[in-house]
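Remarks on the overall topology
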Amino acid sequence: MATPADVAAFRATQTDVVTLALAELAEWWEQLLALLTGDVPVGQIETFTADLVAVYGDAAALAAVDWYDELREQADVPGRFRASMADPAPPEQAAAVARWAVGPLFGAQPDPAKSLEHLSGGVQRLVLQPGRQTIADSVDQDPADARWARVPSGPTTCAFCRLLASRGAVYHSEDTAGGLATSYHGTCDCVVTPVWPGEQEPYDVDRYFEEYSAARAKAGGDTNAILAQMRKDLGIN
Ligand SMILES: [Zn+2]
């Protein structure tokens, strides 16, 4: 069973990969701006972003594959199975993030700092994506009846992630929770964690469920209203 320490250690590996990717991005961005004379080279930014998230996304997926296999061995799950690495974010997806992120460079008052902030959030999400996908895909392919949970991690967790965490280890296929289960915002540091039958989730699911239930009792059944209530009650994003 994954312990909170296992989750924290895995999160540290993923954070290290993101840190390296963002450092490389920031350095490249600085050079790009220093040399910039005419038009913004959007194509070049798209290509750089795609290459960056492919390289670091592979590192994230490699760590995830090892983590899955280790946890499965610890769990003593019957039957043989080995996790396989998910592909990095496709170049088109990375290019779309880059095009969106450079928006603040255009217009009357170009804001390169805002652009880099957007791009950094997008790069973080895309670098982590193959690691999360590796765990989710492996859960689906695992002949043992595995599930995964969105385990909150880091100093703050947003209402959306808390809502998904409140359900515990229920996530199985892509379409669980209408696709919401596999959405992550740029700075999300939640850890997709596999859980096998008979195991406990490595976090306090009840606490999140109580928060959710309290908000639902006040706000009614609409998900957006519940999220708004949670933000208000908990003073979070
Ligand atoms: Zn999150």
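Reference entry: report on the structure contained in this document. Worth saying up front: this structure is predicted, and the values here are computed from it rather than measured. For every chain, the first residue of its written sequence is number 1, and the numbers climb from 1 along that sequence. With the structure being a predicted model, the display of local features is reserved for residues of pLDDT at least 70 and the display and counting of side-chain atom pairs for 80 or more, all residues being used for whole-chain, interface and lining totals. With hydrogens and water excluded, all non-hydrogen atoms of the structure serve as input to the side-chain values.

Here the focus is the overall build of the chain. Across its full length, the chain holds seven helices and two strands. By definition, any uninterrupted DSSP run of H or I lasting at least four residues is a helix, any uninterrupted run of E lasting at least two residues is a strand, and each is numbered from the N terminus. Counting from the amino terminus, helix and strand elements in the chain follow one another as α-α-α-α-β-α-β-α-α. In terms of overall dimensions, the chain has a C-alpha envelope of 60 × 45 × 30 Å along the principal axes. Only protein chains enter the accessibility calculation, which uses a 1.4 Å probe; a residue whose area is less than 20% of its type maximum is buried, one above 50% is exposed, and one in between is partly exposed. Here the chain holds 237 residues, and 45% of them are scored as buried. The criterion used for residue contact is that any of the two residues' heavy atoms lie within 4.5 Å. Contacts spanning at least 24 positions in sequence make up 75% of the contacts within the chain whose residues lie at least 6 apart. For the charge count, each Lys or Arg is scored as positive and each Asp or Glu as negative, with His and the chain ends excluded. For this purpose, a charge sits on NZ of Lys, CZ of Arg, CG of Asp or CD of Glu. Of the charged side chains in the chain, 17 are positive and 33 negative, and the gap between their average positions amounts to 8 Å.

What follows is about the coordination of the zinc ion. Octahedral six-donor coordination of a metal ideally yields angles of 90 or 180 degrees, compared with 109.5 degrees for tetrahedral four-donor coordination. Shown as donors are all N, O and S atoms within 2.8 Å of a metal ion, widened to 3.2 Å for Na, K and Ca; because water is not in the atom set, sites may appear incomplete. C161 (SG), C188 (SG) and C190 (SG) make up the full set of protein donors to the zinc ion, lying at 2.2 to 2.3 Å. Binding-site remark: the zinc ion is held by donors from one chain whose sequence spacing is C-x26-C-x1-C. Here C161 is found in helix 5 (residues 159-165), whereas its partner C188 is found in the loop between helix 5 and strand 2 (191-195), with 27 residues between them in sequence. When its relative accessible area of 1% is taken as the criterion, C161 is described as buried.

As a further point, take the packing of aromatic side chains. Between rings of Phe, Tyr and Trp, where Trp is taken as its six-membered ring, a pair exists when centres lie within 6.5 Å; planes separated by under 30 degrees are stacked, by over 60 edge-to-face, and by other angles tilted. Tallied over the full model, the rule gives seven aromatic pairs. Taking the centre distance of 6.1 Å and the plane angle of 75° together, the rings of Y68 and F81 count as edge-to-face. You can see Y68 sitting in helix 2 (residues 42-75) and its partner F81 sitting in the loop between helix 2 and helix 3 (91-101), a full 13 residues away along the chain. Take Y68 and F81: they sit in the same class, and that class is buried. Ring plane angle 55° and centroid distance 6.0 Å describe the contact between Y203 and Y208, whose orientation is recorded as tilted. Like Y208, Y203 is buried.

So, about the pairing of strand 1 (residues 147-151). Within strand 1, four of the five residues are buried, which leaves the element mostly enclosed by the surrounding structure. Pairs of strands are assigned from DSSP output, requiring at least two bridges between the strands. Here strand 1 pairs with strand 2 via five bridges, running antiparallel. From the neighbouring strand, V151 faces strand 2, where its bridge partner is V191.

Take the pattern of salt bridges next. Definition used for salt bridges: Asp or Glu carboxyl oxygen within 4 Å of a side-chain nitrogen of Lys or Arg. Tallied over the entire structure, the rule returns nine salt bridges. Between R11 and D189 there is a salt bridge, with the nearest N and O atoms lying 3.2 Å from each other. Here R11, found in helix 1 (residues 4-35), pairs with D189, found in the loop between helix 5 and strand 2; they are 178 residues apart in sequence, far enough to count as distant. Among the residues examined, D189 registers a relative accessible area of 18% and is labelled buried. Residue R99 is joined to E46 by a salt bridge in which the shortest nitrogen-to-oxygen separation is 3.1 Å. Pair noted here: R99 is in helix 3 and E46 is in helix 2, with a separation of 53 residues, a long-range link.

A few words on the nonpolar core. Within the largest apolar cluster, 44 residues are counted, with the highest numbers of intra-cluster contacts made by W67, Y68, W148, W196 and Y203. For this core, the secondary-structure elements that each account for two or more residues are helix 1, helix 2, helix 4 (112-141), strand 1, helix 5, strand 2, helix 6 (205-219) and helix 7 (223-234). Looking at which element gives the most residues to this core, the answer is helix 5, with six residues. Excluding anything up to four places from it in sequence, W196 contacts Y68, L71, R72, A75, V77, D142, A144 and A146. Take the buried Ala, Val, Leu, Ile, Met, Phe, Trp, Tyr and Cys residues and link them wherever side-chain atoms come within 4.5 Å; each set so joined is a nonpolar core. L25, A89, A94 and A101 belong to the second largest nonpolar core, which has 27 residues in total.

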